[in-house]
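# Remarks on the overall topology
The residues making up each chain are set out below.
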Amino acid sequence: MQKFLIKDLAAQVGNEITLKGWASNKREGKGLAFIILRDGTGWCQCVVAQENVSDTCFEEAKKVSLETSLEITGKVVKDEKQIGGYEIQVSNLHIIGHSSDYPIAKKEHGVDFLTDNRHLWLRSQRQWAIMRIRNRIIFAIHEFFQKDGFVQMDAPIFTGNACEGTSNLFETDFYGDPAYLSQSGQLYGEAMAFSLGKIYTFGPTFRAEKSKTRRHLSEFWMIEPEMIFHDIFDNMDLIERFLRAVVTAVLNDCEKELELVGRDTAILKNIIKPFPRLTYDEAVKIIKGEVDVNGKNAIQSLEDELVLVNKRINTVEEEIKTREEKIKTPGMKKGEIGFNQAQIDKLKQELSDLEEQNRNIPQWLNSARNFEYGNDFGGSDETVLTRLFDVPIMVYNWPHEVKAFYLKRDPNDSRFARGVDTLAPEGYGEIVGGGERETDVNLLINKINEHQLPMEAFEWYLDLRRYGTVPHAGFGLGLERLVTWICKLPHVRESIPFPRMYGRLLP
RNA sequence: UCCUUCUUAGCUCAGCUGGUUAGAGCACAUGACUGUUAAUCAUGGGGUCCCUGGUUCGAGCCCAGGAGAGGGAGCCA
């Protein structure tokens, strides 16, 4: 077992202790080696000075390469310059497992390579920070619901019926019968709420969507609370309190991790402000640019963005050119060439992202301008809308045709269903979908027929209305999308330890 | 399913109008340097230019087909 951990070094200043872990980096000088040790709880520089250790020990230190596992004994010294604020002056060192040609270098890598090496990528600092934030989010979710009187219950993963239609389901063999991997625990959640009042499920969800976008996974974790005697407005109140609690927990406890992922926390701190609530009608007007919000016009701001993107493309191209010229000047130091080369690589990465945006934004503009009233929002519409806000927004009262069969019709206007989507700001889009459920058995039967779903598979669900129906509501939160927004990640793939995506099953 | 971008060393990328022996940085190996922060400096090894076919005196570069990856639309949390 490990007696001492890097995170606890503060209490050990002046003491000689033994740490166990991996070498995440090493720098060498004459008679001196600096090993950055990581043990899962943090990073710490260990200094091996030839004069302080035996010759065999120093030879051993020289053999340490990236990700070699080792045991290090030495004195803990305070040193503000270092990552964790402490340093080990090594007196003894012992290699546990060698590591040669570790594939992930101390440099930028492409996504394909990193995803192929996810099992090793997880060891890097940024991924470590994301996983810790993910963990804090999960814990905060449980804390919030448990304190609020919810009971955690589990929906089955094998299901015989499709919740919202048969497409996008992974089919498996269940003793000779077709079974589907759950794409939502929602219907089961309703049954469980009718027993325990307020429940939430927390489990994996599977969608066979052939989507290759920055916000889709084939396997993701969903949190689905369901509450009796809640209407859509109670539901929105809960969503708001819930998200506020989770984000606040991360802000309070993950300062270091947020810094490591480079998250500007100013926008997260806005979470204390009330979430704007828009009806579908209001949101459509904003998307189409007919109504301004916060002094900003959706179409205009997107057009401005396009201009900025183009300007930035020019600047970046110029800078690449300048640096390429600079490299060619004779007599330049090798180190300076390397530095410029690295800058050029970074700029090229930015350039290809910008060019991507340059291709996408005109499409989004087109789709926003021509948005047809009555349609569901597409990914780009959500982006266009949420770019204008600095807090999550809630859009409710959707045209009933575009939403799931189990949503309640608005009693004041039957064209609308009482669904609510919560969209994360900064262009991130939908993180929560939910609503008030239909309570009338006959309206439900009509809807099931309209959607051409197999009635026999839903008989048990209809029983919930036959035996003491009550008003109830709930929602589903996509954990990875929340992690992605809170960390401001460029892609969901970094928000889960081993992402399962269209075309990705390994590692 | 459709649109779009890409594929050159282990990794990240150059490679001009089609021209002779394909380059750089990182990583790796050896050596130098007592305090480095992606350390630095010197030397060295390392290539099926994604695959198949075509055009050409000549293809990493042009054409056709295929494979793989990125992003987007649809669909969705």
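Relevant structure appears above.
Here goes a summary of the coordinates provided.

Procedures and definitions
- Throughout this description, residue numbers start from 1 for each chain and increase along the sequence as written.
- Just so you know, chain letters begin at A and ligand numbers begin at 1, following the order they were written in.
- Where totals are concerned, whole chains, interfaces and linings use all residues; where local detail is concerned, this predicted model gives features only for residues with pLDDT of at least 70, and gives and counts side-chain atom pairs only at 80 or more.
- In computing side-chain properties, one takes all heavy atoms of the structure into account and sets aside hydrogens as well as water.
- Strands are labelled as partners when DSSP assigns at least two bridges between them.
- Only runs of H or I of at least four residues qualify as helices and only runs of E of at least two qualify as strands under DSSP, and these elements are numbered from the N terminus.
- Three exposure classes are used, based on accessible area relative to the maximum for each residue type with a 1.4 Å probe and protein chains only: buried under 20%, partly exposed in between, and exposed over 50%.
- The contact definition used throughout considers only heavy atoms, calling two residues in contact when any of these lie within 4.5 Å.
- Counting of polar contacts relies on pairs of N or O atoms within 3.5 Å, with two restrictions inside protein: one atom must be capable of donating a hydrogen and the other of accepting it, and residues adjacent in sequence are counted only when both atoms are side-chain atoms.
- Think of a salt bridge as a Lys or Arg side-chain nitrogen and an Asp or Glu carboxyl oxygen that are within 4 Å of each other.

A few words on the sheet that holds strand β8 (residues 171–174). As a general point, the strands of a sheet are linked pairwise by backbone hydrogen bonds and lie either parallel or antiparallel. The 3 strands lie next to each other as β7-β9-β8, forming an open sheet whose pairing is antiparallel. The outermost strands of the open sheet, each flanked by one partner alone, are β7 (158–159) and β8. The pairing of β8 with strand β9 (residues 177–181) spans 4 bridges and is classified as antiparallel. Within β9, the residue paired with Thr172 across the bridge is Ala179.

All right, on to the environment of Asn270 then. Relative to the helices and strands, Asn270 resides in the loop between α8 (266–269) and β12 (277–279). The class for Asn270 is buried, based on a relative accessible area of 16%. Remark: the alpha-carbon pair of Asn270 and His230, spanning 40 residues in sequence, is separated by 27 Å. In this view, Asn270 contacts Asp390 and Val391; residues no more than four positions away in its chain are not counted. Within polar-contact distance, the side chain of Asn270 engages the backbone oxygen of Asp390 at 3.4 Å.

For the rest of this paragraph, the subject is the pattern of salt bridges. Note on pairing: side chains with opposite charge can pair once their charged atoms come close. Under the definition given, this model contains 33 salt bridges. Where Glu240 meets Arg277, a salt bridge forms, and the shortest distance between an N and an O atom there is 3.0 Å. Separated by 37 residues along the polypeptide, Glu240 in helix α6 (residues 232–253) and Arg277 in strand β12 bring together distant segments of the chain. Assessed through its relative accessible area of 9%, Glu240 is described here as buried.

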